[in-house]
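Chain by chain, the residues run as shown.
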Amino acid sequence: MLGSCLCGSIQYRVNEFEPNIANCHCSMCRKSSGAAFATFAGVKPENFTWLKGESHIKVYESSEVAERGFCEKCGSSLFYKVKGNNTGYEIALGTLDEEPNHKPNANIYCSYKAQWPTNSEQLKEYKEGRG
Ligand SMILES: [Zn+2]
Ligand SMILES: [Zn+2]
């Protein structure tokens, strides 16, 4: 599966995501993604390759234990990672250009959840913008 940032400078390949994928509702994930929640999927080092643009990755230390990677050109959030840990990345799933091999199966940090998101299945759908 291929993924990339918004400007396309950075591209990666994932062979296989780990089975437990979560929507994280914590305030840090909301801030860094700019969305109601962020979906991260774990991938082991042996299943992950940066294909191009690794030098464009900037890392922000979001806490004492974790860092978040993003594209220095377009700002796309790319990953969450426990510092100094070589067990792989938690990839920001919205950057994937294909369907992942597993779907999210949990909502985590729900005590920090924003109240405004509505169950999106209940909203009227348009194929493009509202027109
Ligand atoms: Zn970019
Ligand atoms: Zn979070």
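Per-chain numbering applies: the sequence of each chain, read as written, is numbered from 1 onward. Both sets of labels track the order of writing: A upward for chains, 1 upward for ligands. Local features in a predicted model are, by the rule used here, given only for residues with pLDDT of at least 70; side-chain atom pairs are given and counted only at 80 or more, and totals for whole chains, interfaces and linings are based on all residues. Only hydrogens and water are set aside when side-chain values are computed; all heavy atoms of the structure are taken into account.

Participant: Just checking my understanding: could you explain the environment of Asn86 for this structure?
Facilitator: Counting from the N terminus, the helices are DSSP H or I runs at least four residues long and the strands are E runs at least two residues long. Tracing the backbone shows Asn86 in the loop between strand S8 (77–82) and strand S9 (89–92). For Asn86, a relative accessible area of 68% corresponds to the exposed category. Not counting the four nearest positions on each side in its chain, Asn86 is found in contact with Pro45 and Lys81. Each residue's exposure class comes from its accessible area (1.4 Å probe, protein chains only) as a fraction of the maximum for that residue type: buried when under 20%, exposed when over 50%, partly exposed otherwise. The contact rule is simple, with two residues in contact once any of their heavy atoms fall within 4.5 Å.

Participant: Which parts of the structure should I look at to understand the coordination of the zinc ion (ligand 1)?
Facilitator: When four donors bind a metal tetrahedrally, each ideal donor-metal-donor angle is 109.5 degrees, and when six bind octahedrally, the ideal angles are 90 or 180 degrees. The donor set comprises N, O and S atoms within 2.8 Å of the metal, extended to 3.2 Å for Na, K and Ca; water molecules are omitted, so apparent gaps in a site may simply reflect that omission. With distances of 2.3 to 2.4 Å, the protein atoms coordinating the zinc ion (ligand 1) are Cys5 (SG), Cys7 (SG), Cys71 (SG) and Cys74 (SG). Considering all four donor atoms around the zinc ion (ligand 1), the spread of angles at the metal, 105 to 113 degrees, places the coordination shape in the tetrahedral class. Taken in chain order, the donor set of the zinc ion (ligand 1) reads C-x1-C-x63-C-x2-C. Of this pair, Cys7 sits in the loop between strand S1 (2–4) and strand S2 (11–14) while Cys74 is found in the loop between strand S7 (66–71) and S8, placing the two residues 67 residues apart along the sequence. A residue is classified by how much of its surface remains accessible, and Cys74, at 25% relative accessible area, is partly exposed. Irregular is the label for any site that misses the other tests, which are tetrahedral for four donors with all angles between 85 and 135 degrees, and square planar for four donors or octahedral for six when opposite donors exceed 155 degrees and the remaining angles lie between 65 and 115.

Participant: Would you take a moment to explain the sheet that holds S2 for this structure?
Facilitator: Note on pairing: two strands pair once DSSP finds at least 2 bridges between them. Read across the sheet, three strands follow the order S1-S2-S5 without closing on themselves; strand pairing throughout is antiparallel. Because the sheet does not close on itself, it has two edges, and the strands there are S1 and strand S5 (48–52). Taking each pair of neighbouring strands and ignoring which way they run, the sheet shows an average axis angle of 30 degrees. Note that S1 and S2 share three bridges and pair antiparallel. Axes here mean lines fitted to C-alpha atoms, for a helix over just the part in contact, with angles spanning 0 to 180 degrees between N-to-C directions.

Participant: Would you mind showing me how to read the pattern of salt bridges here?
Facilitator: Opposite charge on two side chains makes pairing possible when the charged atoms of those side chains draw close. One speaks of a salt bridge when a side-chain nitrogen belonging to Lys or Arg is within 4 Å of a carboxyl oxygen belonging to Asp or Glu. Under the definition given, this model contains three salt bridges. As a salt-bridge pair, Glu18 and Lys44 come within 3.9 Å of each other at their nearest N and O atoms. Placement of the pair is Glu18 in the loop between S2 and strand S3 (21–24) and Lys44 in the loop between strand S4 (38–43) and S5, with a sequence separation of 26 residues. Residue classification places Lys44 among the partly exposed positions, given a relative accessible area of 38%.

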